[in-house]
Structure formats: structure tokens, C-alpha cells
Amino acid sequence: MLGNHKPIALLRSLGIRSLGSNLLSDTQRLYLLSNNMPTRLAVLISGNGSNLQALIDAIRMRMLDAEIVIVVSNRKDAYGLERATKAGIATRYHPLQPYRAAGQERSEYDAALAEIVAAYKPDWIVLAGWMHILSDVFLQRFPYRVINLHPALPGQFPGINAIQRAFEAYQAGKIKKTGIMVHLVPDEQVDSGPILATQEVLIYPSDTLEMLEKRVHQSEHQVLVGAIHRLIAGDGDE
Ligand code: GRF
């Protein structure tokens, strides 16, 4: 798991610098073929799953050399679960409530979540609208392999209702624009970590909250796919 080597990295590890196929032995060729697998994504959701859908569509259109191996939701009625099932992707419902009812710690919930996810051997874990803060119990299991999407620019409006808070700040004359970011999740801090991509989203005087939400979500779909595309390419260059 974690380190689904791509051909270029494999060639290097085999000491091969030229791509001339006659340089490869049968064993080397088999090794390359067996490892040239799409990058494995685990996607964690809590709701609509429009960003999950953007990933599903990008994979289908071969814009992403990836496979979604599992979708986990903490909410049973998350529409994203239906989207996943329709696309033939395995799903798991992992609610917090039973842990709370049994007096168990959040770390126990996260440890069980990590077990579920790890079983699918993902290369990357994408938080696409996952509404729980992940504790170190989970994050340390997948160091620097967890990606979060947040509908605000770095350092602005961490936490829930970010679009609404940006809209209100715009109306109060405090900001002129908002944006989105995709970042790595190295620790328990909310919506913060090494930035993989950002994009500004303009706010217009005639905007309603719904109009701004729609523009932010459209932007998210593109930027998330682009960021994961670059990560996958980066894995190949390791
Ligand atoms: C997105 O705005 C994402 O940035 C935030 O939650 C929302 C999820 O939307 N963390 P969807 O479920 O992908 O439609």
C-alpha cells in the first residue's frame, strides 16, 4: 500500500534509464505490467457527493488514471453513496453515533475507520465533504496521503458553512472574493495543511448565496480533479 509505483519510478528502481523495450528481460516486463495499475483512491463523504461525482466522471473520461476503491460515508442518507453504487464502487457506512452511545472515544471510531479504509489499500484518501475532523489515530496511519477539499481560500473560514460565512463577509464589505483550496491533511488542524491547489472565486453584488455556492462547487470539481491528477503524476516521478 501507499507507493503504487508507476513505470518511470519502477524503471529507475530496476536501474533502467532507457525505454528501449529490448533492454527489458521477461521478468522485468512482467514486473512493470503487474505494477502499472491505476492509482487507488478512497473517498470519504458525508453528503451530496458532487465532488465524488466529478472524480467518477474524470476517471470515466480517462482524465484521471485512478480507481475509486471505496467510498465511506458517516451518514446513511448521503446521496454520494448512491452515486458510488451507480458507478459500481464499493461503499461503507460508518456512523459515529453507535460509538458515542457505547461511551467510546473518538479515537476508537477513527481507528475503525482507518481499518475499513486500509483494507482497500488506497494510495490517496480524499476527503470530499467529509464532515468529521480526523484525529491522529487515522492520520498517522496514512501520513501525507490524506487530501482535503475546502470551499475557502487558505486561512479563511475554516470549518463548516465556509461559503455562507464568505458571502456574509462580502456583504459586510470585509472581502471582495473567496475561493477554494485542496490541501494535504498532516495533523488534526481544521482545513489547514500543505496546499496542493487554490482557486479564487469572484463574488458579485448581484449574487445570492445559492449563486455563490453553485460557482464555488463548480470550481471545486475542476480543481479537485486537477490536483489529484498532479499528485498521480508526481507518484510516477518518485
Ligand atoms: C464541498 O463544498 C467541500 O468543499 C466541503 O463540503 C462540500 C461537499 O460537497 N468540504 P459535495 O458533497 O461534494 O457535493
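Conventions and cut-offs
- Residues numbered from 1 in each chain as written.
- Predicted model: local features only at pLDDT ≥ 70, side-chain atom pairs only at ≥ 80, totals over all residues.
- Helix = DSSP H or I, 4+ residues; strand = E, 2+ residues; numbered from the N terminus.
- Buried ≥ 20, exposed ≤ 12 C-beta atoms within 10 Å, placed from the backbone.
- Contact = placed C-beta atoms within 7 Å.
- Pairing = 2+ DSSP bridges.
- Right-handed = clockwise from strand over helix to strand, strands pointing away.
- Axes fitted to C-alpha atoms, helices over the stretch in contact; angles between N-to-C directions.
- Near = placed C-beta within 6 Å.
- Nonpolar A, V, L, I, M, F, W, Y, C, P; charged D, E, K, R; others polar.
- Domains from an automatic or database assignment.
- Core = buried A, V, L, I, M, F, W, Y, C linked by C-beta atoms within 7 Å.
- Parallel < 35°, antiparallel > 145°, perpendicular 65-115°, else oblique.
- Left-handed = near helix turned anticlockwise from the far one by under 90°.

A. Quick look at the overall build of the protein. Helix and strand counts for the protein come out as nine helices and seven strands. Every one of the 238 residues in the protein was classed for burial, and the buried ones make up 34%. Across the protein, every contact between residues at least 6 apart in sequence was considered, and the portion connecting residues at least 24 apart equals 68%.

B. Layout of the pairing of strand β1 (residues 39-45). A large share of β1 lies buried, amounting to six of its seven residues. Bridging between β1 and strand β2 (residues 66-73) involves seven bridges; their strand directions are parallel. Its bridge partner lying in β2, A42 is registered against I70. Taken together, β1, helix α3 (residues 50-60) and β2 constitute a β-α-β crossover, and its handedness is right-handed.

C. A look at the environment of V223. As for its position among the elements, V223 is in helix α9 (residues 209-236). Put simply, V223 and A197 are 26 residues apart on the chain and 6.9 Å apart in space, counted from C-alpha to C-alpha. Apart from residues lying up to four places away in sequence, V223 is in contact with I180, V182, A197 and Q199.

D. Highlighting the environment of N148. Among the secondary structure elements, N148 is positioned in strand β5 (residues 146-150). Residues N148 and M181, spaced 33 residues apart in sequence, show a C-alpha to C-alpha distance of 8.2 Å. N148 has contacts with L127, H183, V185 and D191, leaving out every residue within four places of it along the chain.

E. Structural view of the sheet that holds β5. Spatially, β3-β2-β1-β4-β5-β6-β7 is the arrangement adopted by the seven strands of the open sheet, whose pairing is mixed. Strand pairing shows two members of the sheet lacking a second neighbour, β3 (91-93) and β7 (195-202), which therefore form its edges. Adjacent strand axes in the sheet meet at a mean angle of 20 degrees, parallel and antiparallel pairs treated alike. Sheet topology note: the β5/strand β6 (residues 177-184) ladder contains four bridges and is antiparallel. Residue pairing in the sheet places H150 in a bridge with M181 of β6.

F. Up close: the site of the ligand. Close to the ligand lie 15 residues, the nearest being N48, S50, N51, G129 and P151. Contributions of two or more residues to the shell around the ligand are made by α3, β5 and α9. By residue number, the principal contributor to the shell around the ligand is α3, which donates three residues. When its residues are assigned to classes, the shell around the ligand shows five nonpolar, nine polar and one charged. Split by domain, the residues of the shell around the ligand number at least three in each of domain 2 (39-143) and domain 3 (149-222).

G. Structural detail: the nonpolar core. Counting 57 residues, the largest nonpolar core has V43, L55 and V71 as the members making the most contacts within it. Looking at which element gives the most residues to this core, the answer is α9, with eight residues. A domain split of this core shows at least three residues from each of domain 2 (39-143) and domain 3 (149-222). Here L55 is in contact with L41, V43, L64, I68, L224 and V225, once residues within four sequence places are set aside.

H. Molecular detail of α3. Turning to α3, its buried residues are N51, L52, A54, L55, I56 and I59. Directly after α3, the chain includes R62, whose backbone phi takes a positive value near 60 degrees.

I. Geometry of the packing of α3 against helix α4 (residues 79-86). Two elements in contact, α3 and α4, have axes separated by 9 Å at closest approach and are oriented at 15 degrees. In terms of orientation, α3 and α4 fall into the roughly parallel class. Taken as a pair, α3 and α4 cross one another with a handedness that is right-handed. Contacts from L52, Q53 and I56 in α3 reach G80, R83 and A84 in α4. When its residues are assigned to classes, the contact of α3 with α4 shows three nonpolar, two polar and one charged.

J. Looking closely at unusual backbone geometry. Even without glycine at this site, F157 takes up a positive phi of about 50 degrees. Inspection of the secondary structure assignment puts F157 in the loop between β5 and α8 (162-171). Exposure remark for F157: the 20 C-beta atoms within 10 Å place this residue in the buried category.

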